[in-house]
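Each chain, written out:
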Amino acid sequence: MKRVLSGMRPTGRLHLGHLVGALRNWVSFQEKYKCYYCIVDWHAMMSEYADPSKLKDYILDMALDWHAVGIDFEKSVVFIQSEVPEHAELHLALSMITPVSWLERNPTYKEQMKEIKNKDLSTYAFLGYPVLQAADILIYNAHYVPVGEDQAPHLELTREIARRFNYFYGDVFVIPEAIFTPIPKILGTDGRKMSKSYNNYIGVTEDPSSVEKKVMTMMTDTRRMRRSDPGVPEDCPVFYLHKAFNENEEEIREISEGCRTASIGCVDCKKILLKHLIPTLEPFRERRSEYENKKDELVGVLHEGAKKAREFAAGMMEKVKEAMKIAW
């Protein structure tokens, strides 16, 4: 079976952007690929280094949410990044050949340096995190990496690093390919990309009353200052959620037309969304409860996943060292 690798930073409970942008794909991939799903705690440390006290709780929250949405711990290799030291070792090897200019042009790096003002991100690690990300992927020689539209430059950098390594040392790495999600981006309650960093998110397993409150206060198309003002649904965060969670295509067309002609109000549009969104999320809350009071068992599952991951990663690291002429 061809291999898929993906991971997420444990910075709190997961939100709808994670679900639509990644997790739905992850669940479907389990039937046709060998899947490695990694909780990337080293990546989290790059922004949370000053206070990592909540990191272990966040790791367990992430594992619970993955289980909630359908990640099968038997079908997939689910593990914590730092428990597989080959990730860090390959990161070091790849850093030898990665030009600094490649890292400085990373658009996400520039965006987060501009947007996130409450943390000092001017560190060596934060600049170089795409190299660790490349190591995460290449240590499993992954054929495919599921990404959202905003992550495409990161994967292209991984592909460049892999090609450069292969040029210097021989064909060690598969050049990974992207699998894009059908809905590449979900907007948050303030109209920006949904993100915990921006505190504009709706959680995957959030309480229904909280979901309702957040939806009903969401920003909509700014053209619609009054109920009678026409809008452009493609510029509305609520419409993005309709496309992701409303499976009634006829209803979506009616909402789109109603927005353009002002025959439907934003409040009505949000109420229709909630009729689809809350029932979709309810099974996730139920599944999360299966492990919620069995955290020792969950930790054991993650340890076992790390053992399975190391079986492959250790072999890859030996190939890397042999190719670089540093194996004894």
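Up top is the structure.
Residues numbered from 1 in each chain as written. Predicted model: local features only at pLDDT ≥ 70, side-chain atom pairs only at ≥ 80, totals over all residues. Heavy atoms only, no water.

Asker: Please explain the overall build of the protein chain as it appears in this structure.
Answerer: Of the regular secondary structure elements, the protein chain holds 14 helices and 5 strands. In terms of overall size, the protein chain behaves like a compact globule, its C-alpha atoms giving a radius of gyration of 21 Å where 328 residues would be expected to give roughly 20 Å. Dimensions of the protein chain, computed from C-alpha atoms along their principal axes, come out at roughly 75 × 45 × 40 Å. Among the 328 residues that make up the protein chain, the fraction classed as buried is 51%. Across the protein chain, contacts joining residues at least 24 apart in sequence account for 77% of those joining residues at least 6 apart. Working note: accessible area of the protein chain is about 15900 Å², and carbon and sulfur atoms make up 52% of it. (Helix = DSSP H or I, 4+ residues; strand = E, 2+ residues; numbered from the N terminus. Rg over C-alpha atoms; globule rule 2.2 N^0.38 Å. Buried < 20%, exposed > 50% of the residue type's maximum accessible area, 1.4 Å probe, protein only. Contact = heavy atoms within 4.5 Å. Areas by Shrake-Rupley, 256 points an atom, 1.4 Å probe, with all protein chains shown as cover.)

Asker: Before we go on, may I ask you to explain helix 9 (residues 152-169) in this structure?
Answerer: In an α-helix, one full turn covers 3.6 residues, which means residues spaced three or four apart are oriented alike. The first and last C-alpha atoms of helix 9 sit 26 Å apart over 18 residues, in line with the 26 Å expected at 1.5 Å per residue. Those residues of helix 9 not exposed but buried are His 154, Leu 155, Leu 157, Thr 158, Glu 160, Ile 161, Ala 162, Phe 165 and Asn 166. Positive backbone phi, approximately 105 degrees, marks Gly 170, located one or two places after helix 9. (Expected span 1.5 Å × (residues − 1).)

Asker: What is the right way to read the packing of aromatic side chains from this model?
Answerer: How two aromatic rings sit relative to each other is set out by the distance from centre to centre and by the angle between their planes. Using the criterion set out here, one finds 14 aromatic pairs in the structure. On the basis of an interplanar angle of 45 degrees and a centroid distance of 5.4 Å, the ring pair of Phe 126 and Tyr 129 is categorised as tilted. Here Phe 126 and Tyr 129 have matching classes, each one buried. Counting every residue linked through ring pairs, the aromatic cluster contains Phe 165, Tyr 167, Phe 168, Tyr 169 and Phe 173. (Phe/Tyr/Trp six-rings, centres within 6.5 Å; stacked < 30°, edge-to-face > 60°.)

Asker: Looking at this structure, how should I read empty space enclosed by the protein?
Answerer: The rolling of a water-molecule-sized probe over the atoms marks out the regions of remaining empty space. Going through the model one piece at a time under the given rule, you end up with 1 cavity of 30 Å³ or more. What the largest cavity holds in volume is close to 80 Å³. Taken together, Thr 220, Arg 224, Pro 233, Cys 236, Val 238, Phe 239, Ile 255, Cys 259, Ile 264, Cys 266 and Cys 269 form the lining of the largest cavity. Taken together, the elements giving at least two residues each to the lining of the largest cavity come down to helix 11 (237-245), helix 12 (249-261) and helix 13 (266-292). (1 Å grid on protein atoms, 1.4 Å probe; cavity = no way out; pocket = protein on both sides within 12 Å on 5 of 7 lines; lining within 4 Å. Points joined across faces, edges and corners; volume = space filled by probe spheres on them.)

Asker: I would appreciate a short explanation of helix 14 (residues 295-323) in the present structure.
Answerer: Here helix 14 spans 41 Å end to end across 29 residues, near enough to the 42 Å set by a 1.5 Å rise per residue. At Arg 310, helix 14 is deflected by roughly 30 degrees, the largest bend along its length. For helix 14, every residue scored as buried is listed here: Leu 298, Leu 302, Gly 305, Ala 306, Ala 309, Ala 313, Met 316, Met 317, Val 320 and Ala 323. Two residues or fewer past helix 14, Lys 325 is found with a positive phi of approximately 65 degrees. (Bend = angle between axes of the 7 residues up to and from the residue.)

Asker: Where do I start with the nonpolar core in this structure?
Answerer: When a protein is soluble and globular, its nonpolar side chains tend to lie buried together. Core analysis: the largest hydrophobic core is formed by 55 residues, its most contacted members being Tyr 37 and Trp 66. Per element, the largest residue contribution to this core is 9 residues, and it comes from helix 3 (residues 55-69). By size, the runner-up hydrophobic cluster in this structure holds 39 residues, among which are Leu 94, Trp 102, Ala 135 and Ala 313. (Core = buried A, V, L, I, M, F, W, Y, C linked by side-chain atoms within 4.5 Å.)

Asker: What exactly am I supposed to notice about the pairing of strand 5 (residues 177-180) here?
Answerer: Look at any regular strand and the pattern is simple: side chains alternate between the two faces of the sheet. Sheet topology note: the strand 4 (residues 144-147)/strand 5 ladder contains 4 bridges and is parallel. Within the sheet, the bridge partner assigned to Tyr 144 lies in strand 5 and is Glu 177. For the segment spanning strand 4, helix 9 and strand 5, crossover handedness is right-handed. (Pairing = 2+ DSSP bridges. Right-handed = clockwise from strand over helix to strand, strands pointing away.)

Asker: Explanation requested: the environment of Leu 90 in the structure shown.
Answerer: Assignment of secondary structure puts Leu 90 in helix 4 (residues 86-95). Under the relative-accessibility criterion, Leu 90 is labelled buried at 0%. For the pair Leu 90 and Ile 39, spaced 51 residues apart in sequence, the C-alpha separation works out to 17 Å.

Asker: Could you clarify how one ought to interpret the packing of helix 8 (residues 129-138) against helix 9 in this entry?
Answerer: Think of two packed helices as two axes; the pair is described by the angle between the axes and how far apart they sit. Running from N to C, helix 8 and helix 9 point in directions that differ by 70 degrees, and their axes come no closer than 9 Å. With respect to helix 9, the element helix 8 is oriented roughly perpendicular. Here helix 8 contributes Tyr 129, Pro 130, Val 131, Gln 133, Ala 134, Ile 137 and Leu 138 to the contact with helix 9, which in turn contributes His 154, Leu 155, Leu 157, Thr 158, Ile 161 and Ala 162. Residue classes in the contact of helix 8 with helix 9 are distributed as 10 nonpolar, 3 polar and no charged. (Axes fitted to C-alpha atoms, helices over the stretch in contact; angles between N-to-C directions. Parallel < 35°, antiparallel > 145°, perpendicular 65-115°, else oblique. Nonpolar A, V, L, I, M, F, W, Y, C, P; charged D, E, K, R; others polar.)

Asker: Explain the environment of Arg 13 here, please?
Answerer: Mapped onto the elements of the fold, Arg 13 is located in the loop between strand 1 (3-8) and helix 1 (16-29). In this structure Arg 13 comes out as partly exposed when scored by relative accessible area, which is 36%. Along the sequence, Arg 13 and Leu 60 sit 47 residues apart, while their C-alpha atoms lie 9.3 Å from each other.

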